[in-house]
Amino acid sequence: MPTFIIERNIPGADRLSADELCSISARSNDAVAGLGKPYRWITSYVAGDKFYCVHEAESADVIREHARRGGFPADRVTEVTAVIGPETAKGGAGR
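The rules we used
- Residues numbered from 1 in each chain as written.
- Predicted model: local features only at pLDDT ≥ 70, side-chain atom pairs only at ≥ 80, totals over all residues.
- Heavy atoms only, no water.
- Pairing = 2+ DSSP bridges.
- Helix = DSSP H or I, 4+ residues; strand = E, 2+ residues; numbered from the N terminus.
- Salt bridge = Lys/Arg side-chain N within 4 Å of Asp/Glu carboxyl O.
- Buried < 20%, exposed > 50% of the residue type's maximum accessible area, 1.4 Å probe, protein only.
- Axes fitted to C-alpha atoms, helices over the stretch in contact; angles between N-to-C directions.
- Contact = heavy atoms within 4.5 Å.

So, the pairing of strand β2 (residues 39-47)
- Looking at chain direction, β2 and strand β3 (residues 50-57) are connected through eight bridges and run antiparallel. Residue pairing in the sheet places Val 46 in a bridge with Phe 51 of β3.

The following block contains the structure:
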C-alpha cells in the first residue's frame, strides 16, 4: 500500500493542548474506521502552524476522503517514493 505525506495547515497547531490533540486523534481514528477501505495512520508531527502526517492508503483520493470525514485539511498530499536515512550511505547504488 502506498505511503503518503500529508501537509495540513492549522494555524496555532503548535499551541494545541494535549486534550485538543487527543480530540483530533480520536476524529482521525473514527474517520479511518468509517472509510471501509485499507488505511493506516502511521504518525503525525506538529511543527509551527502545520501537521505533517504519514499515512498509508490505496490512493491520494482516499487520503482526501479521510480528511473530509475527519474535518481537517489536506493541503498537500504527496506519495513517498523512497525512504532514506544514515544507513542508506552504507549501501548506495552501484556498490
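Some points on the pattern of salt bridges
- Applying the stated criterion across every chain yields a total of eight salt bridges.
- Here Glu 7 and Lys 50 are joined by a salt bridge, their closest N and O atoms 2.6 Å apart. Placement of Glu 7 in strand β1 (residues 3-9) and of Lys 50 in strand β3 is noted, with a sequence separation of 43 residues between them.
- Look at Glu 7 and you get buried, because its relative accessible area is 16%.
- For Glu 65, the salt bridge identified is with Arg 68, shortest N-O distance 2.7 Å. Here Glu 65 and its partner Arg 68 are both found in helix α2 (residues 60-70), three residues apart, which amounts to about one turn of the helix.
- Residue Glu 65 is classed as partly exposed on the basis of its relative accessible area, which comes to 24%.
- Taken together, the salt bridges that share partners define one network made up of Glu 7, Lys 50 and Arg 76.

What about the sheet that holds β3?
- With respect to topology, four strands assemble into an open sheet ordered β2-β3-β1-β4, the strand pairing being antiparallel. Unpaired on one side and paired on the other, β2 and β4 (76-79) mark the two borders of the sheet. Taken over all neighbouring pairs, the strand axes of this sheet differ in orientation by 20° on average, direction set aside.
- Here helix α1 (residues 18-35) sits on the sheet in contact with β2 and β3, set at roughly 155° to β2.
- In the packing of α2 onto the sheet, the strands contacted are β1, β2, β3 and β4, and the crossing angle to β1 comes to about 40°.

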